[in-house]
Amino acid sequence: MKAVKTGWDFFRDQILGMRWLKDLVGKLLAKAGLGEGRFPGEFLHFFLYDIIKIFVLLAVLIFLISYIQSYFPPERSRKIMGKFHGIWANLIGALLGTVTPFCSCSSIPIFMGFTSAGLPLGVTFSFLISSPMVDLGSLVLLMSVFGGKIAFAYVIVGLVIAVTGGTIIERLHMEDQVADFIRQAPNVEVESPSLTVADRMDYAKNQVVSTVKKVAPYIVAGVIIGAAIHNLIPGHIVRSILGKQTWYAVPLATAVGVPMYADIFGTIPVAESLLAKGAGLGTILSFMMAVTTLSLPSMVMLSKAIKKKLLGTFIGIVCIGIIIVGYGGNVII
Amino acid sequence: MNIKVIGSGCENCDKTNAVVKECLEELGIDTEIERVTDLVEIVKLGVMTAPSVMIDGKLVVAGQVPSKKQMMKILKK
């Protein structure tokens, strides 16, 4: 057992966490006369280490994930989801949400496609909640930064919110809240093109390039903010605003996170440094979930497909779920 | 041959269109490329990801910009 644990610790610290890179950057900076402890040196240390780590992980992860995702185009997920009923359909929807390639720009076609195929509204929403909130990439990145326990906690509560949220929306019977043009869309099934291994490799490679290009500015911004928090903002201020003891920390983190549009990869460095400065873990989870799941652009997009009442319900349910996770996390962990 | 490039006017759809056009020219195939950009029309085709390419009603590229090599292979069939 001990050997397994040592092996796992090594994997987590050195492979996922890239501790060696942190040491290397530290040594190089010390050589350049910018040792630890003083302002520019420590800022640079956090910045360089984090940015290299995230980009390397990002490239490797997107490749692996895209390869897996190439087996689950939404057309196929839709067929799989159609085979299940009741809460199982919601669970399958939430799980497929984690492996189906998704970006906010494709939420409308997916929403329309699912609805026109006769999938229950609740199942579609389970999918729409889990898809941006929980994906394979966030699982591995969270593991690298916060460790396995927190990563699994994040994924599990994310799935719980997706399943419960979808189930509640189902119970509310808001089918009339879907825009008319979607309800009238005919159901057409097409065969997805069959892909060879080389095709999938190609797809994964292209995804790496386009994703890195797309999220790079968010990551750089995230790491700069993270490094600034890490070095310029005193711990007691973070603790007093976002600490476990502050009752309004969780709703505040959620309210700040909801309108923001950022990728989970850009959010993690900010979360990491806030946590190190004494913010409550539940508060941090709320912040990350709020940023990734809801954003102004995605709301504007969805408002074209669903009417106000349903949009409000959707946002409300997700926010309440995120806030419960925050308080729960602060109490338990 | 009926070729549809499907996607609601994103940058990647333009890229896909360009790739298809280039391949057609190179292979000397004389046919129009039909752009499908209206969301309702896209859903009517049963497609949920953009950019996609459909040839004679068969989905050959889904949710990605095809490389030139890939597109040539598809068109030669």
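In case you missed it, the structure is sitting above this.
What counts and what doesn't
Residues numbered from 1 in each chain as written. Chains lettered and ligands numbered in written order. Predicted model: local features only at pLDDT ≥ 70, side-chain atom pairs only at ≥ 80, totals over all residues. Heavy atoms only, no water. Helix = DSSP H or I, 4+ residues; strand = E, 2+ residues; numbered from the N terminus. Rg over C-alpha atoms; globule rule 2.2 N^0.38 Å. Buried < 20%, exposed > 50% of the residue type's maximum accessible area, 1.4 Å probe, protein only. Contact = heavy atoms within 4.5 Å. Areas by Shrake-Rupley, 256 points an atom, 1.4 Å probe, with all protein chains shown as cover. Lys, Arg positive; Asp, Glu negative; His and termini not counted. Charge placed at Lys NZ, Arg CZ, Asp CG, Glu CD. Pairing = 2+ DSSP bridges.

Asker: I keep staring at the overall build of chain B and nothing clicks. Help me out?
Answerer: Per the secondary structure count, chain B includes three helices and four strands. Traced from its N-terminal end to its C-terminal end, chain B shows the element sequence β-α-β-α-β-β-α. Its C-alpha atoms give chain B a radius of gyration of 11 Å, within 12% of the compact-globule value 11 Å for 77 residues. Across the 77 residues in chain B, those meeting the buried criterion constitute 47%. Within chain B, counting contacts between residues at least 6 apart in sequence, those at least 24 apart form 61% of the total. For chain B, the exposed surface amounts to about 3,900 Å²; the carbon and sulfur share of it is 48%. Distance between charge centres in chain B, computed from 11 positive and 11 negative side chains, equals 9 Å.

Asker: In this structure, what is going on with the pairing of strand E1 (residues 3–6) of chain B? I would like to understand it.
Answerer: Within a regular strand, the side chains alternate between the two sheet faces. Residues and elements named next belong to chain B. The alternating pattern of E1 places Ile3 and Val5 and Lys4 and Ile6 on opposite faces, both of which are buried. Inspection of the sheet shows E1 paired to strand E2 (residues 33–36) by four bridges, in the parallel sense. Within E2, the residue paired with Ile6 across the bridge is Val36. Relative to strand E3 (residues 52–55), E1 runs antiparallel, the two being bridged by four bridges. Pairing of Ile3 across the sheet is with Ile55, part of E3.

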